[in-house]
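What the coordinates show
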Amino acid sequence: EAQVTQNPRYLITVTGKKLTVTCSQNMNHEYMSWYRQDPGLGLRQIYYSMNVEVTDKGDVPEGYKVSRKEKRNFPLILESPSPNQTSLYFCASSSRNTIYFGEGSWLTVV
Amino acid sequence: AQSVTQLDSQVPVFEEAPVELRCNYSSSVSVYLFWYVQYPNQGLQLLLKYLSGSTLVKGINGFEAEFNKSQTSFHLRKPSVHISDTAEYFCAVRDQGGSEKLVFGKGTKLTVNP
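Quick summary incoming for the structure in this document. Everything numeric in this text was worked out from a predicted model, so none of it was measured.

Remarks on the interface of chain B and chain A
In this assembly, 19 residues from chain B lie in contact with 20 residues from chain A. Carbon and sulfur atoms supply 53% of the area that chain B and chain A bury against each other, a total of about 1,600 Å² over both sides. Sorting the residues of chain B by area buried against chain A places Leu44, Glu100 and Lys101 of chain B first, and these three jointly supply 35% of that buried surface. Across the chain B-chain A interface, the total number found is one salt bridge. A salt bridge links Asp59 of chain A to Lys101 of chain B; its shortest N-O distance comes to 2.8 Å. Where chain B touches chain A, the interface holds five residue pairs in polar contact (both at pLDDT 80 or more). At the level of secondary structure, the elements contributing two or more residues to the side of chain B that touches chain A comprise β5 (31-38) and β10 (87-95) of chain B. With four residues, β5 of chain B is the largest single contributor of residues to the side of chain B that touches chain A. A per-class count over the side of chain B that touches chain A returns eight nonpolar, five polar and six charged.

Observations regarding the packing of aromatic side chains
In the structure shown here, the tally under the stated rule is 14 aromatic pairs over all chains. A centroid spacing of 5.8 Å and a plane angle of 20° characterise the contact between Tyr31 of chain A and Tyr48 of chain A, whose relative ring orientation is stacked. Linking Tyr31 of chain A in strand β4 (residues 31-38) with Tyr48 of chain A in strand β5 (residues 42-51), this pair joins segments that are 17 residues apart in sequence. Under the relative-accessibility criterion, Tyr48 of chain A is labelled buried at 19%. Arranged with centres 6.3 Å apart and planes meeting at 85°, the rings of Phe90 of chain A and Phe101 of chain A form a pair that is edge-to-face. One end of the pair, Phe90 of chain A, is in strand β9 (residues 87-95); the other, Phe101 of chain A, is in strand β10 (residues 98-101), with 11 residues separating them in the sequence. For Phe90 of chain A, a relative accessible area of 0% corresponds to the buried category. What makes Phe101 of chain A buried here is its relative accessible area of 14%. Ring pairing ties together the aromatic residues Tyr35, Phe90 and Phe101 of chain A together with Phe34, Tyr36, Phe90 and Phe104 of chain B, which thus form one cluster. It is Arg68 of chain A that lies over the ring of Phe74 of chain A; its NZ or CZ is 5.9 Å from the centre.

Reading the values: the criteria
Residues numbered from 1 in each chain as written. Chains lettered and ligands numbered in written order. Predicted model: local features only at pLDDT ≥ 70, side-chain atom pairs only at ≥ 80, totals over all residues. Heavy atoms only, no water. Contact = heavy atoms within 4.5 Å. Buried area = accessible area lost by both parts, 1.4 Å probe. Salt bridge = Lys/Arg side-chain N within 4 Å of Asp/Glu carboxyl O. Polar contact = N/O pair within 3.5 Å; in protein donor to acceptor, adjacent residues only side chain to side chain. Helix = DSSP H or I, 4+ residues; strand = E, 2+ residues; numbered from the N terminus. Nonpolar A, V, L, I, M, F, W, Y, C, P; charged D, E, K, R; others polar. Phe/Tyr/Trp six-rings, centres within 6.5 Å; stacked < 30°, edge-to-face > 60°. Buried < 20%, exposed > 50% of the residue type's maximum accessible area, 1.4 Å probe, protein only. Lys NZ or Arg CZ within 6 Å of the ring centre and 35° of its normal.

Right under this line is the structure:
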């Protein structure tokens, strides 16, 4: 079954404590991306990757890092989380016109 | 660059009434168009997409959308809504070229009242 898996699904953390949200896909897709969803703003792209070792900034990259060492994994790293990074995060994997989203990670930074 | 405008942030309707959720886009290149639904506290689900061909696209749960190139619109419709259609709906666009980036609208909250 085609799947994008994100972890953790829910997390409450404190300001400044580094965290990583993992994302894994089983479809051998080259393109992967991260979005954040905020009330009234819709979804905005944070970072994307067109292939292994190829990553680039999306529309709202500040405060985030990513890496793509393997095709299937695309972790999102918050080196020093701040309250304005409290959001719902989606990982996506796509090929041609089929886009698969993970189930979302609800992150709260206090 | 593309942009998407969802003209209504909230749409309240009564059960069994028809509904239209409006979406306009802006792009200098040809695009593909999508509608997603997000039920409360859940992830995103694809309702329908327009890639090419017939401008009237049918999706899941009785929804349909019509692509109008001259008006750069992709409005979502359902002839008779149910309480269970209460959700947030997102219109999205991506260009037909190399980028697979989806650009989303800000969402429309549909509330179906009994």
